[in-house]
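Coordinate inspection notes
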Amino acid sequence: MMKSIIVIALLSIPVLLSAADRPLFNGKNLDGWQIQGESNWTVRKDGTLVGLRDYRSNDEPFHAWPITEAAYHEWMYEQSWLYTKADFEVYDLHLEYWLPPGANSGVSIRDVSRGVHSFGLGPRETPAHIGYEIQVIDSKQDEKFKTGSVYLLAPAVGGVQYPDDWNKLDIESRRDAIRVRLNGTLVTEYPGDPSRPIRGPIGLQLHDRFTWIMFRNIRIREY
């Protein structure tokens, strides 16, 4: 009898762990999320989240040609983000993404500014300088910080991302470590910066005026 009880208990452990995961995105609408900056986020019938930019906006520079290269780049690389309304500290985050060729995106963690300094007027400071950005970028680009990198701080191992296809990204946020797995492979491990926040929201990036990206199966497990 005792052996049977032990076997039943062991078999139940994976079920309990699986039940600890919960959807962070409901696959229907943007409940629990907020848009930061100018962008359009929509949900397809299959539950896929699609982020797009409308580059034909009122603040576009094209009505005042000629303009300086600096002015164009300031307009072009104005970011936009989709942030969770809630903050998180110790957790595992899972998501899947599909990145168009040549595109650039990212996942923000622990950014208490919620990306507000990465667009609009005033000095620019991206979430990668306040919390952390986990890089998501087309693998065909010659980029030091490949997908899965803790951007600007810890480069990831390359050759793991599937081109032109869905990829799985898993981020472990701990008080003393950030670990990133891409398609099941550990590609980055970083201890964190003691001067930066250990708690904050989670954000999805639209990198520039011409970028777009798709996400699905966004789940979180808190500890």
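About the cut-offs
Residues numbered from 1 in each chain as written. Predicted model: local features only at pLDDT ≥ 70, side-chain atom pairs only at ≥ 80, totals over all residues. Heavy atoms only, no water. Pairing = 2+ DSSP bridges. Helix = DSSP H or I, 4+ residues; strand = E, 2+ residues; numbered from the N terminus. Polar contact = N/O pair within 3.5 Å; in protein donor to acceptor, adjacent residues only side chain to side chain. Phe/Tyr/Trp six-rings, centres within 6.5 Å; stacked < 30°, edge-to-face > 60°. Lys NZ or Arg CZ within 6 Å of the ring centre and 35° of its normal. pLDDT = per-residue confidence, 0-100. Contact = heavy atoms within 4.5 Å. Buried < 20%, exposed > 50% of the residue type's maximum accessible area, 1.4 Å probe, protein only. Salt bridge = Lys/Arg side-chain N within 4 Å of Asp/Glu carboxyl O.

Bridge count for strand S1 (residues 22-23) against strand S13 (residues 212-222) is 2 bridges, and the pairing is antiparallel. Within S13, the residue paired with Arg 22 across the bridge is Ile 220. Pairing between strand S4 (residues 49-52) and S13: 4 bridges, direction antiparallel. When the bridges of S13 are listed, Val 50 appears paired with Met 214. Where strand S6 (residues 91-98) meets S13, 7 bridges bridge the pair, whose relative direction is antiparallel. Of the residues in S13, the one forming a bridge with Trp 98 is Met 214.

With that out of the way, let us pick up the side chain of His 94. Within the element layout of this structure, His 94 appears in strand S6. Separated by 2.8 Å, the side chains of His 94 and Asp 170 make a polar contact.

Overall, the coordinates contain 8 aromatic pairs when judged by the stated rule. Judged by centre distance (5.5 Å) and plane angle (75 degrees), the rings of Phe 145 and Tyr 151 are edge-to-face. An aromatic cluster of three or more residues is present, and its members are Tyr 72, Trp 75 and Phe 210. In this structure, Arg 216 is placed above the aromatic ring of Trp 166, and the distance from its NZ or CZ to the ring centre is 3.9 Å.

With 87% of its residues at a pLDDT of 70 or more, the chain has an overall mean of 88. Segment residues 2-19: pLDDT under 50, and 1 contact once partners within four positions in sequence are set aside and those in other chains are kept.

You can see Asn 104 is positioned in strand S7 (residues 104-109). Relative accessible area serves as the criterion here: at 14%, Asn 104 is assigned to the buried category. When residues no more than four places from it in sequence are discounted, the contact partners of Asn 104 are Leu 99, Gln 135, Val 136, Ile 137, Gln 205, His 207 and Thr 211.

This brings us to the pattern of salt bridges. With the rule as written, the count across this model stands at 15 salt bridges. A salt bridge links Glu 89 to Arg 199, with the nearest nitrogen and oxygen atoms 4.0 Å apart. Placement of Glu 89 in the loop between strand S5 (80-84) and S6 and of Arg 199 in the loop between strand S11 (185-190) and strand S12 (202-206) is noted, with a sequence separation of 110 residues between them. The partner of Arg 196 in a salt bridge is Asp 193, with the nearest N and O atoms 3.6 Å apart. Here Arg 196 falls in the buried class, since its relative accessible area comes to 17%. When salt bridges with common partners are traced through the structure, they connect Glu 38, Glu 78, Arg 124 and Arg 209 into a single cluster.

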